[in-house]
Amino acid sequence: MSILINKKSHVVVQGITGGEGSFHTTQMIEYGTKVVAGVVPGKGDQNFNGVPIYNTVSEAVKIQKADTSVIFVPPLFAPDAILEAAYAGIKTIVCITEGIPAKDMIKVYDVIKKMNVHLVGPNCPGVITPGECKVGIMPGFIHRRGKIGVVSRSGTLTYEAVKQLSDLKIGQSTCVGIGGDPVIGSTFLDIIKLFNEDKNTDAIVMIGEIGGTAEEEAAVYIKKNVKKPVVGFIAGRTAPPGRRMGHAGAIISGGKGTAAEKMEAMRKAGIYVVESPAEIGITMKKVLEKFKSKQIKKTENKRRTIKKSQTRKSKKK
Amino acid sequence: MKIHEYQAKELLKKFGVPIQDGIAIKDISKFNSAISQLQSRGVNQYAVKSQIHAGGRGKGKLFNPKNPGELILEGGVKFTTSIEKAREYAEKILGNLLVTHQTGPEGKIVKTLFIAEGLDYKKELYLGILLDRAVSKNVIMASTEGGVEIEKVAAETPEKILKVWIEPSIGLQVFQARELAFGLGLKGNAFKSFIPFIMKLYKAYEETDASLLEINPLIITNDDRVVALDAKMNFDDNALDRHPEIYAYRDLDEEAPLEIEASKYNLNYIKLDGNVGCMVNGAGLAMATMDIIKLAGGEPANFLDVGGGASSEAVENGFKIILSDPAVKAILINIFGGIVRCDRVAQGVIEASKKVNVNIPVVVRLEGTNAKEAAELLDNSGLNFLVAKSLKEAAEKVTLAIN
């Protein structure tokens, strides 16, 4: 098991013939992703390296049974592409596009949230279930099959964290880049809920950054509901207030959304917060060892109590 | 993007929002004509307002830019009934250094003045519109505590802030406008004028792709009119392409020269006060790199995201920008190659360093495909590169280089 995508996912690429779209489609296919269709309005009779292109997402769903979409269309057309995918019945939509105006995303989100669909992004690297399916632009080779769920607002910083994990032979169940915009389809909370329910995910890495309160909201949920260990990092401790740090959503405004506040909220929730981005992997390793020894003790204790009760029972006999 | 008060008022006026009217001047020689224009509109008292992007202008202090110890005037916003006094204020403000709690001690030179009508009022209120990221909806905040920083009100008396959230599909409704008006304790004509005021204000926010619209204070005049005495507007950078008229308001004097230069190359650069320049691909990793420089005992001199691909051209331009900052004593390049091969990035870094003639230590950390080959290329380039294998090692090496 994994979350959002797996080896059975049928992927349609919206904007398959564009520069980014065509390059990353080839990469996804090489990784083993089942790319079943492309959508480019007006190019419905063509194909991309053998992948059939349709005019609409609906056709891709009907004819090729597409259930997952990845969007590479320009920012002013991407909101329309997201809604088209949702209305066509796609269940997981990954929007890579950067630069969508917040006003447009507010409207899209308002519609999407009432539908039975997961939107990841926009302005994100995508989702990968190592060894099974890659829907996005991340380098596949740094990943490794395993049981750690990774969720992050960043792109290359996520790759950094994943590489640290893989180098320590700690594999990942699914890695989700939720995106750096102020309005996004899935928040930390949404993804952490999925990881919490996923039997194949034993622990979670969450990588946040300055701006907004999404990390704090996730921390509240984690404290209440998540028994799996969580390792966290927040980027932007040295970021000046009031400045947009590359990502549209990475801004400290009105003194709110600082890294210090977020780290504090996460620590209070029992999350293992690392100070240095170089220590994400090693911290997870230590946390896993600690949990394993705890679980071994627990099972040993259980066995002992079972044995004791059995001996008692036998004595009674 | 930020704009000045007078520009925000110009925009709001187009949407029919009642504002404190005035005329912006950049040169004291235009003072007389501004006053006579205001007089022809029946104005007989004046507000002289400094126009800089930072807040806290009213409580700020003006200093002589040639001798920053010399105080020239207390307060960057002045009210007077006398034209002579208004002229004196204008002369003392224009061209001088305004220091407020938001500008930092270095202050900002005031290059534009807004000469406005002076208004008598009985009440100061607060209105703000912005995106509430927690629910992905716009929210209008209102408070009876006008003229005070809203952050202060939020911290000390949060119960005094009223909020209404706007449904994206239907927009602001009149009942919500009434809710705010009653909540602010407005009655009679003030109540009647507030409803169209807030409806138009929200329309202006929505249609201009603003990311923040703040009226602080919003005043109730002695004759019960509702008027925006101040106006602050920020805009969503992602939407500026569809608002060329707003983009034209961009004031380059308000931006750091290096940041303007970087934006010409499509580089995301923010200048900071440290001595370690850094060049990174991706915003999150760039922030994390700044953080680890600080943890290792250095101080980051900038934020710079050269883009996912880290092309040779982007690296070359990055070098140029970083090296124009005289405070920079060493550079840390941190590129997570990903799909781009590291040997190609290394080649780009070498070419760029040769072209730009870098003469300070450069620590390079390249991760991803062909990282080994990349390290060899850098080692054999004959240039002064310090190759690091991990993020941690990179930060330590660069800190060592500056000490």
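Before reading on, note that the structure itself is shown above.
Below: a short report on this structure. (Residues numbered from 1 in each chain as written. Chains lettered and ligands numbered in written order. Predicted model: local features only at pLDDT ≥ 70, side-chain atom pairs only at ≥ 80, totals over all residues. Heavy atoms only, no water.)

**A word on the overall build of chain B**
At step 1: In terms of helices and strands, chain B carries 13 helices and 20 strands.
At step 2: Seen through its C-alpha atoms, chain B measures out along the principal axes to roughly 80 × 50 × 40 Å.
At step 3: Considering chain B as a whole, with its 403 residues, one finds that 54% of them fall into the buried category.
At step 4: Charge separation in chain B, taken as the distance between the mean sites of 48 positive and 53 negative side-chain charges, equals 2 Å. (Helix = DSSP H or I, 4+ residues; strand = E, 2+ residues; numbered from the N terminus. Buried < 20%, exposed > 50% of the residue type's maximum accessible area, 1.4 Å probe, protein only. Lys, Arg positive; Asp, Glu negative; His and termini not counted. Charge placed at Lys NZ, Arg CZ, Asp CG, Glu CD.)

**Quick notes on the sheet that holds strand β11 (residues 172-177) of chain A**
Residues and elements named next belong to chain A.
At step 1: Strand order in the open sheet formed by seven strands is β9-β8-β11-β10-β12-β13-β14, with mixed pairing between adjacent strands. Across the chains shown, the open sheet's two edge strands, defined by having one partner strand only, are β9 (133-136) and β14 (272-273).
At step 2: In this structure, strand β12 (residues 203-209) lies alongside strand β13 (residues 230-235), joined through six bridges in parallel fashion. Its bridge partner lying in β13, I204 is registered against V230. (Pairing = 2+ DSSP bridges.)

**A word on the sheet that holds strand β5 (residues 68-71) of chain A**
Residues and elements named next belong to chain A.
At step 1: With respect to topology, seven strands assemble into an open sheet ordered β3-β4-β2-β1-β5-β6-β7, the strand pairing being mixed. Two strands in the sheet have a free side with no partner beyond their single neighbour: β3 (47-48) and β7 (118-120).
At step 2: Of the strand pairs in this sheet, β5 and strand β6 (residues 92-95) are connected by four bridges, and their pairing is parallel. Directly across from I71, in β6, lies its bridge partner C95.
At step 3: Sheet strands in contact with helix α3 (residues 78-87) are β1 (11-14), β5, β6 and β7, and its direction is about 170 degrees off that of β6. (Contact = heavy atoms within 4.5 Å. Axes fitted to C-alpha atoms, helices over the stretch in contact; angles between N-to-C directions.)

**As for the pattern of salt bridges**
At step 1: Counted by the stated rule, this structure contains 43 salt bridges over all chains.
At step 2: For R41 of chain B, the salt bridge goes to D21 of chain B, with nearest N and O atoms at 3.1 Å. Note that R41 of chain B is positioned in the loop between α2 (31-40) and β2 (46-50) and D21 of chain B in the loop between α1 (5-14) and β1 (22-25), a separation of 20 residues in sequence.
At step 3: A salt bridge links D209 of chain B to R242 of chain B; the shortest N-O distance between them is 3.1 Å. Of the two residues, D209 of chain B is situated in the loop between α6 (188-207) and β12 (210-221) and R242 of chain B in the loop between β14 (232-235) and α7 (244-247); the sequence distance between them amounts to 33 residues.
At step 4: When its relative accessible area of 3% is taken as the criterion, D209 of chain B is described as buried.
At step 5: On the basis of relative accessibility, which here comes to 32%, the residue R242 of chain B falls in the partly exposed class.
At step 6: Several salt bridges converge on common partners, so that one network encompasses R153, E209, E215, E216 and K262 of chain A. (Salt bridge = Lys/Arg side-chain N within 4 Å of Asp/Glu carboxyl O.)

The values reported here are purely geometric and, on their own, carry no functional implication.
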